[in-house]
Structures are given as structure tokens and as C-alpha cells.
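Structure at a glance
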Amino acid sequence: MTTNPQEIAIADYTYELPNDRIAHFPLPERDASKLLVYRNGQITETLYQSIDTQLPEGCLLVFNNTKVINARMVFTKSTGGAIEIFCLEPAGPITEYTTVMNQKGSAAWQCLIGGIGKWKDGPLEKRLQVQGQDVCLQARLAAKLPDAWEVQFSWEPAHLSFAEIIAAAGDVPLPPYIKRATTMADDERYQTIFAQWEGSVAAPTAGLHFTERIFDKLAQRNIERQFVTLHVGAGTFKPVKAATMQEHIMHAEWIDVPASTIASLITALHRGIVAVGTTSLRTLESLYWMGAKVWLQPDIAQLQLEQWDVYQAPLNQRQPSPEEALTALLGWLQQRNLDRLFTQTQLLIAPGYTFRMVKGLVTNFHQPQSTLLLLVAAAIGEDWRKVYQYALENDFRFLSYGDGSLLWVVNSE
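To keep things clear, this report deals only with the structure shown in the data block. (Residues numbered from 1 in each chain as written. Predicted model: local features only at pLDDT ≥ 70, side-chain atom pairs only at ≥ 80, totals over all residues. Heavy atoms only, no water.)

**Digging into the overall build of the protein**
Per the secondary structure count, the protein includes nine helices and 17 strands. Here the protein has a C-alpha radius of gyration of 21 Å; the compact-globule value for 413 residues is 22 Å, and the two agree. Going through the 413 residues of the protein one by one, you find that 57% of them count as buried. Contacts spanning at least 24 positions in sequence make up 76% of the contacts within the protein whose residues lie at least 6 apart. Accessible area of the protein: about 17,200 Å², with a carbon and sulfur share of 48%. Side chains of the protein give 34 positive and 43 negative charges; the mean places of these two sets differ by 2 Å. (Helix = DSSP H or I, 4+ residues; strand = E, 2+ residues; numbered from the N terminus. Rg over C-alpha atoms; globule rule 2.2 N^0.38 Å. Buried < 20%, exposed > 50% of the residue type's maximum accessible area, 1.4 Å probe, protein only. Contact = heavy atoms within 4.5 Å. Areas by Shrake-Rupley, 256 points an atom, 1.4 Å probe, with all protein chains shown as cover. Lys, Arg positive; Asp, Glu negative; His and termini not counted. Charge placed at Lys NZ, Arg CZ, Asp CG, Glu CD.)

**Here's the deal with the side chain of glutamate 253**
Relative to the elements of secondary structure, glutamate 253 occurs in strand β13 (residues 253–258). Glutamate 253 sits in the buried class, given a relative accessible area of 2%. Discounting residues that sit within four places of it in the chain, glutamate 253 has contacts with Leu230, His231, Val232, Gly233, Arg282, Thr343, Gln344 and Thr345.

**Comments concerning the pairing of β13**
In terms of residue burial, β13 counts as a mostly covered element, since six of its six residues are buried. On β13, burial covers both faces: Glu253, Ile255 and Val257 on one face and Trp254, Asp256 and Pro258 on the other are all buried. Inspection of the sheet shows strand β12 (residues 224–231) paired to β13 by three bridges, in the antiparallel sense. When the bridges of β13 are listed, leucine 230 appears paired with isoleucine 255. Across six bridges, the pairing between β13 and strand β15 (residues 340–345) is antiparallel. When the sheet's bridge partners are listed, proline 258 is paired in β15 with arginine 340. (Pairing = 2+ DSSP bridges.)

**Here we look at helix α7 (residues 322–335)**
Here α7 contains 14 residues, and its C-alpha end-to-end distance of 20 Å stays within 8% of the 20 Å for a straight helix at 1.5 Å per residue. Turning to α7, its buried residues number three or more, namely Pro322, Ala325, Leu326, Ala328, Leu329, Leu330, Trp332 and Leu333. The inward-facing, buried residues of α7 abut α5 (259–268), α6 (278–296) and β15. (Expected span 1.5 Å × (residues − 1).)

**Some thoughts on unusual backbone geometry**
Between glutamate 156 and proline 157 the backbone carries a cis peptide bond, its omega angle lying at 0°. On the secondary structure map, proline 157 appears in the loop between β10 (149–156) and α2 (162–169). Put simply, alanine 313 and proline 314 share a cis peptide bond, and its omega is 0°. By the element assignment, proline 314 lies in the loop between α6 and α7. One non-glycine residue with positive phi stands out, namely glutamine 131, at about 50°.

**A word on the sheet that holds β15**
Strand order across the open sheet formed by nine strands is β2-β1-β17-β16-β14-β3-β12-β13-β15, with mixed pairing between neighbours. Looking at strand neighbours, the two that pair on one side only are β2 (42–47) and β15, the edges of this open sheet. Across the sheet, the mean angle separating the axes of adjacent strands is 25° when strand polarity is ignored. Packed on one face of the sheet, α5 meets β3 (60–64), β12, β13, β14 (273–276) and β15 and runs near 75° to β13. (Axes fitted to C-alpha atoms, helices over the stretch in contact; angles between N-to-C directions.)

**Quick notes on the pairing of strand β8 (residues 124–130)**
Only one face of β8 is covered, namely the one carrying Leu124, Lys126, Leu128 and Val130; the face carrying Glu125, Arg127 and Gln129 has none of its residues buried. Pairing of β8 with strand β9 (residues 133–144), which is carried by seven bridges, proceeds in the antiparallel orientation. Counted as the bridge partner of arginine 127 is cysteine 136 from β9.

**Overview of α2**
When we look at burial in α2, the residues that qualify are Phe162, Ala163, Ile165, Ile166 and Ala169. The buried residues of α2 all sit within an arc of 160° when viewed along its axis, so they share a single face. (Arc of directions from axis to C-beta.)

**Describing the sheet that holds β9**
Taken together, the six strands give an open sheet; going across it, the order is β5-β6-β7-β10-β9-β8, and neighbouring strands pair in antiparallel fashion. The open sheet has two edge strands with one neighbour each: β5 (72–76) and β8. Between one strand axis and the next, the sheet turns through 40° on average, direction left out of account. Across five bridges, β5 lies against strand β6 (residues 82–90) in antiparallel orientation.

**Quick look at the packing of α5 against α7**
Two elements in contact, α5 and α7, have axes separated by 10 Å at closest approach and are oriented at 160°. In terms of axis orientation, α5 runs roughly antiparallel to α7. Handedness of the crossing formed by α5 with α7: left-handed. Across the interface between the two elements, Ala259, Ile262, Ala263, Leu265 and Ile266 from α5 touch Glu323, Leu326, Thr327, Leu329, Leu330 and Leu333 from α7. Taken together, the residues of the contact of α5 with α7 sort by class into nine nonpolar, one polar and one charged. (Parallel < 35°, antiparallel > 145°, perpendicular 65-115°, else oblique. Left-handed = near helix turned anticlockwise from the far one by under 90°. Nonpolar A, V, L, I, M, F, W, Y, C, P; charged D, E, K, R; others polar.)

Functional significance is not addressed by these values, which are geometric in nature.
This is the structure we're talking about:
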């Protein structure tokens, strides 16, 4: 790593994004979106439905199978004022998301609150129907947190799960740059076709383009699929307001990866791994670094990754091969009789980072001065400017519902 990401000035990673280039609605067909392909400094384009022709036979694609929850709830006060509660993540220690989503009667979440000044005291109340039953949902302020609020939800009848409550009470959490009301179509289209584990408050958007038609074509070329889970937080849209990255706090997100998937990754390293989405990529690279921690310290008690860990000693001094790291991680799980790794990653990937796990990245086009754009720049260097300029000049649609790219990583081992 030759560059110190802490010294990066975010102003160097910007471009002009006209509002009319932001995709406010998805295309009628998922796989009809355009696909920019960057390889060895050259740019070509095709459609997602032909992505199989751009991938080497026998490689491995890794997807994020998180499922978006209806995280945005609006409560109306008796005076008529509206207060929006946006659920971010569960409050307090958790061991898995399934248990959290299955909580009965009450649940505590970290939330953003719109109109907090109107919420003087007492609970907010919302009446709704769940499976034909009348439900009373209450929200109480429990604590002020540094960047959010802890909200205690409770409901009657108490036998219903939080997953059932939020599905009925909430709305699709479209990103802030999609400035329109949600439609019924968003319920389906802001979700991948392989979404499985509830917990995200934003979609892993690169996966939105994939269809069964594409999967059939991939199978014909012996291109394998594996799934990891990273529950995408609202921090993915958090703008970098600090002048340099040293002052920016990267959002931490929960990852959940079965041990069997880690074993499959080991066997796929020599065939080439392509991450579908920045969330899948961050998960894969985090697995390497957590394995590196175990390789350095086999008796380490807890595994998680903080923002600057990989750029500092001892991880930047002694590093195992990807196979050694994943094997160490798998052994660590087996010794503890764990069938999956569930933990948090705060990994910031920025120019100067060397990719350990992936050879390619499928991703949408990201906002100026964002950590996601830094990740793209880490993958393909200064050519990110050429890629984005090409996309702007050739009618590509940007951001979550927009078109995408297949980027072959320049800086990898």
C-alpha cells in the first residue's frame, strides 16, 4: 500500500452529476440496463443480459443476499404533525439478525428521526392492520445517541414479530436522491430476486440487475454463484464532509457468512472471484483481513474490523496469502463450533488499498465525493475519471436504479 488513505482529500474525488442523469425509476426489465465494461484501460459497453459473455468461464460470482426492510415509518401526532422514524439497525448487542426480526411484542432500534423537535414527550402511536388483525404500534424515545436516537417499539397483539410489524407499518426506504413518493413497483424492484435475510435499509443495488435469465446463462458457462450477507446501513449514503478521510467515520455494517461459503471461496481463489456490488466486495475483503488477524493471533477472542486496521501494524506488515487467511478463519470458526461468521466490518477501501480476494467488481455508478467512489478509484486507479466521463457522455443512468459497470481490478494480488 503506497498511499495513506487517511490523507486523501475527498475534493479530489468529485465530478459533475446533473440531476437528469440520476435514475428516478427502474427500467421495465431488470437486465435491460446498460453495462459498461472496463478492462486493461479499455472501455466497451453491452447490456446486463449479456454479462455472461464478459466473464471468464468457471469464475465465481459473489452476491449479497440481504433483504431490504420497510425502514421508513411515518407517525402522525394528534395535532396533525408528521414525524418520520427511519430504522437503522438494532440497538444493543445482537448475535444474529433473524432473532432480532423475530422479536415479539417489543424491539429497540437505532433510528434517525425527522421532525424530532415536534416530539416533545410521550409515545407516538400508529394503528395498522397485519394479516387482517388490528394492531396498535407505539414508539418511545429511549436515549439520545451520537448520530441517532434509540427508539423502543411495542405493539399489540404481542404475538406478532417485528418483521411483520415493520412490513406493514413502514415504507420502502428509497435513497434520499430519489425525490419522489414510493410506488407499489418499488416493493419488488428495490429488492434483488435472491434477497433472503432481512436487515438492510438500502438495497445492494448492483444485484438489482440480475434475473433468472442471466443465472441460466451463467450456469451454461460453469460460472458459480455464492452468497454472503452484509446488511446495508443508511451510512452507505452518508456524504464525506471532512476535508480528508482521517476525519471521516466509516459506517460499520453487520456481515453474516456461513463457514461453508468460506470453504467454497478457498477453492475458487484460483478461478477468479468477481464481487457483485460494493457490499459483497467489502464482505469478501473483510473476510481476508479477519483471517489475517487469526493467522497472526490464533487465540484472538473476537473478530471485527475497524476503519483503519488494515493500514496499520501489524496487518500492514505481515500478511498471509488469501488461502492461508481463509483457512485460518475457517479453523477459528470450527474450534468454536460456529457454523457462520457474524460480526461487524468498518473496512474503508480507498486508493492505496491492494485487493486480496476479488479480480472484478460489478457495481452501479456512485455519488461524487462518496466512500463508494473511493472504492471504485481503489479498484481501477485514476481511470475512474475516464469511466465516469464515458458514462456521462454515453447516456448511462446513475445511482441506485441506474445502469452499471463491470470493472476488472487493477490493484490486486
